[in-house]
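# Reading the structure
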Amino acid sequence: MDSTFDRSRLRSHLGDADLLREDLFIDGVWTPGSAGERSDVVDPATGAVIARMADATGADVRRAIDAAEAAAPAWGAMTAIARARVMRRWYDLIVANADDLATILVAEQGKPFAEARGEILYGAGFVEWYAEECKRAYGDVIPTNVAGRRLLTMRQPVGVTAAITPWNFPSAMILRKAGPALAAGCPMIIKPAEETPLSATALAELAARAGIPNGVLSVVSGRPAMIGEILTSHPSVRALSFTGSTEVGKLLMAQSAQTVKKVALELGGNAPLIVFDDADLDTAVAGAMASKFRNAGQTCVCANRVIVQSGIHDAFVERFRTAIEALTVGNGFEDGSEQGPLISEAAVEKVRRHIGDAVAGGATVLSGGDRHPLGHTYFEPTLLTGVRPDMLVAREETFGPVAAVIEFDTEDEAIAIANDTPFGLASYFFTTDLGRMWRVGEALEFGVVGVNTGLISYEGAPFGGVKESGVGREGSRHGLDEFTELKYLCVDGLGG
């Protein structure tokens, strides 16, 4: 496939050109927005403008909320089986159009095509999962405390919901939120990242084809601060789900307090990946590669700190270096590409700043360390050794293809280094010692712990952080709870 796209040529590379939508989707209608303003969507691999996305005004956002509020009673009253059928049609359409959805995703985000297609199918799994799980939103019958009385609980939809999603997984993060919201009987308004709105509108097009009623799913793109302020302050929006930075998450949480909304926040991370002396080296290197360099290191769960025990340090580093230097950097549409560009020039500068700080503090660059010869926002896969826990690359989330190796001696030291962060999203460690698996797994202060693996995501498992990495869980049966209210019924006067 030709990897040079512009606005006119992207559409011609799609099997279904109608999936490329540049308008807002409100109340089942595609609209350019009330002001008619648009913003460029840029391919990070080439800098070419691939679309001109409509910008929502405040009036547009409020119209989407009104439409969701109007649609909520009927959607919430629909039987779980009926909702499941509609959601299953949406899932089937997503899977059937996975290649086109992946093409759009690569064009606006930059990751390799195979990785993008994997994201589409992973995200679709949440729609399939919750289409089934909504049939199991059980309540309880509680043993009574008074004769003639029955005590019951039930799960009911919370009402209108909103999702603010990031650019690094522009399809999966939408589906991971919309799946449980719609399954619970809640309409959802999606505000995608301004860098990657086209994945959101393509999914909305398929939702409409699947028969999801008007107003149940809307997409509004544009100025984040304005849209976020309306969604958080509007009394009709009863729950907000956000994936993004801790800084923005704290702001949204504070704004949502005005109307005491339910909030689910999946925020920044600083994931440790610990390799103990007794680890299987090949497994550890493969796990570190999968965790660190997926999506060019632009994930909130990627290994930000690689913490290696002294007895295995040199051998691990040598094998890790060989694997890193074998990575193929290139345009996401080119065969064999394993790492695409970073999302923006600002992302490149942050990576360079972290590397510069580490080198100034005594760290060594064993591989990479600078912009890639391909130019634009491509960056070399990088390996740093001699990193200390006080360096920027170990304190902040780098969000780039930089593996920072910290050496340690004892198990207690590794746990202390890993937990020395205000964040607590994902963590990983490698060992063949069964006792250590339990000790370290319980001691790590993170919401997700991967043992002998660098890949931990699955729609049937709960995902979320502790400390400043967020509140709430996505995926599994627990994800449905974010969009329901637990109601207690006390029924008296039954006699006997």
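See above for the structure.
Okay, so let's go over this structure. (Residues numbered from 1 in each chain as written. Predicted model: local features only at pLDDT ≥ 70, side-chain atom pairs only at ≥ 80, totals over all residues. Heavy atoms only, no water.)

### Quick word on the overall build of the protein
Filter applied, for reference: Here a strand is any run of E in DSSP of at least two residues, a helix any run of H or I of at least four, and the numbering for each starts at the N terminus. Note on exposure labels: buried denotes an accessible area under 20% of the residue type's maximum, exposed denotes more than 50%, and partly exposed covers the range between, all computed with a 1.4 Å probe on protein chains only. We call two residues in contact when some of their heavy atoms are within 4.5 Å. In short, Shrake-Rupley with a 1.4 Å probe defines the accessible areas, and a residue's cover is counted only from the protein chains shown. Residues scored as charged are limited to Lys and Arg (positive) and Asp and Glu (negative), so that His and the chain ends carry no count. Throughout, a charge is located at the NZ atom of Lys, the CZ atom of Arg, the CG atom of Asp or the CD atom of Glu.
Helix and strand content of the protein: 16 helices and 22 strands. The dimensions of the protein, computed from C-alpha atoms along their principal axes, are 75 × 65 × 40 Å. Per-residue burial over the protein gives 56% buried out of 496 residues. Sequence-distant contacts, at least 24 apart, represent 73% of the contacts inside the protein between residues at least 6 apart. For the protein, the exposed surface amounts to about 18,500 Å²; the carbon and sulfur share of it is 53%. Here the protein contributes 45 positively and 64 negatively charged side chains, and the mean placements of these two sets differ by 7 Å.

### Topic: the layout of surface pockets
Let me state the cut-off plainly: Of the grid points, spaced at 1 Å and generated over the protein atoms alone, those admitting a 1.4 Å probe that cannot get out make up cavities, while open sets with protein on both sides within 12 Å along at least five of seven lines make up pockets; any residue with an atom within 4 Å of a point is treated as lining. Grid points are joined across faces, edges and corners, and a volume is the space filled by probe spheres set on the points. Gly falls in the polar group here, along with every residue not listed as nonpolar (Ala, Val, Leu, Ile, Met, Phe, Trp, Tyr, Cys, Pro) or charged (Asp, Glu, Lys, Arg).
The volume enclosed by the largest pocket comes to roughly 1,300 Å³. Within the residue set of the lining of the largest pocket, elements represented by two or more residues are α5 (113-133), α6 (172-184), α8 (224-233), β10 (237-243), α9 (246-256) and α12 (345-360). It is α9 that contributes the most residues to the lining of the largest pocket, six residues altogether. Here the residues of the lining of the largest pocket sort into 24 nonpolar, 13 polar and 13 charged. Put simply, the second largest pocket is a space of about 160 Å³. Along the walls of the second largest pocket sit 14 residues, with R83, C134, A137, R155 and A184 positioned nearest its centre. Elements represented by at least two residues in the lining of the second largest pocket include exactly α3 (80-96), β6 (150-157) and α6. The greatest single-element share of the lining of the second largest pocket, amounting to three residues, is contributed by β6. A per-class count over the lining of the second largest pocket returns eight nonpolar, three polar and three charged.

### Focus: unusual backbone geometry
Phi at D27 takes a positive value of approximately 55°, unusual for a residue other than glycine. For D27, the position within the fold is in the loop between β1 (24-26) and β2 (29-31). Judged by relative accessible area, which is 34%, D27 ranks as partly exposed. Positive phi values are uncommon outside glycine, yet N295 reaches one of about 55°. The buried category is assigned to N295, whose relative accessible area is 3%.

### Some details on the pairing of strand β12 (residues 271-275)
Put simply, the test is: Between any two strands, at least two bridges found by DSSP are needed for them to pair.
The element β12 is extensively covered by neighbouring structure, given that five of its five residues are classed as buried. Note: β12 against strand β18 (residues 426-430), three bridges, orientation parallel. Bridge pairing in β18 links L273 to Y428.

### A word on the state of the cysteines
Quick note on the threshold: Count a disulfide wherever a pair of cysteine sulfur atoms falls within 2.5 Å.
Throughout the structure, instances matching the rule amount to zero disulfides. With no disulfide of its own, C134 has C186 as its nearest cysteine by sulfur position, at a separation of 12 Å. Free cysteine: C300, not disulfide-bonded; nearest cysteine sulfur from C302 at 8.3 Å.

### Describing the nonpolar core
Our working rule: Note on terminology: a nonpolar core comprises buried Ala, Val, Leu, Ile, Met, Phe, Trp, Tyr and Cys residues joined through side-chain atoms within 4.5 Å.
Residues W90, I94, L182, M188 and L217 are the most contacted members of the largest nonpolar core, which totals 84 residues. Broken down by element, this core gets its largest block of residues, eight residues, from helix α7 (residues 198-210). The contact partners of L182, leaving out residues within four places of it in the chain, are W75, R83, M87, W90, M188, I212, V216 and L217. By size, the runner-up hydrophobic cluster in this structure holds 33 residues, among which are A296, I307, F429 and V440.

### Overview of the side chain of E266
Along the polypeptide, E266 turns up in strand β11 (residues 262-266). Setting aside its immediate chain neighbours within four residues, E266 contacts M173, R176, F242, T243, G244, C300, L425, F463 and S469.

### Observations regarding the pattern of salt bridges
For clarity, the threshold we go by: Basic side-chain nitrogens of Lys or Arg form a salt bridge, by our definition, when they fall within 4 Å of a carboxyl oxygen of Asp or Glu.
Overall, the coordinates contain 33 salt bridges when judged by the stated rule. Note that D92 and R88 form a salt bridge whose closest N and O atoms lie 3.4 Å from each other. Of the two residues, D92 and R88 are both situated in helix α3; the distance of four residues between them amounts to about one turn of the helix. By relative accessible area, D92 is classed as partly exposed at 37%. The partly exposed category is assigned to R88, whose relative accessible area is 34%. Overlapping salt bridges bring together E345, E349, R352, D370 and R371 as one network.

### Some thoughts on the pairing of strand β13 (residues 303-309)
Threshold: Crossover handedness is defined by viewing with both strands directed away from the observer: a clockwise path from the first strand over the helix to the second marks the crossover as right-handed.
The element β13 is extensively covered by neighbouring structure, given that seven of its seven residues are classed as buried. The sheet contact formed by β12 and β13 spans five bridges and is parallel. Paired with P272 across the strands is R305, a residue of β13. What joins β12 to β13 is helix α10 (residues 281-293), and the crossover it makes is right-handed. Here β13 runs beside strand β16 (residues 402-408); their pairing, made up of four bridges, is parallel. Bridge pairing in β16 links I307 to I406.

### Topic: the sheet that holds β6
To keep things clear, this is the line we draw: Simply put, an axis is a line fit to the C-alpha atoms, just over the touching stretch for a helix, and the angle between two N-to-C directions goes from 0 to 180 degrees.
The antiparallel open sheet is built from three strands, whose spatial order is β5-β6-β22. The open sheet has two free edges, formed respectively by β5 (140-142) and β22 (484-491), since each of these has just one partner strand. On average, each strand axis in the sheet is inclined to that of its neighbour by 25°, with strand direction left out of account. Of the pairings in the sheet, the one linking β5 to β6 comprises three bridges and is antiparallel in character. Each bridged residue has a counterpart across the sheet, and for D140 the counterpart in β6 is T153.

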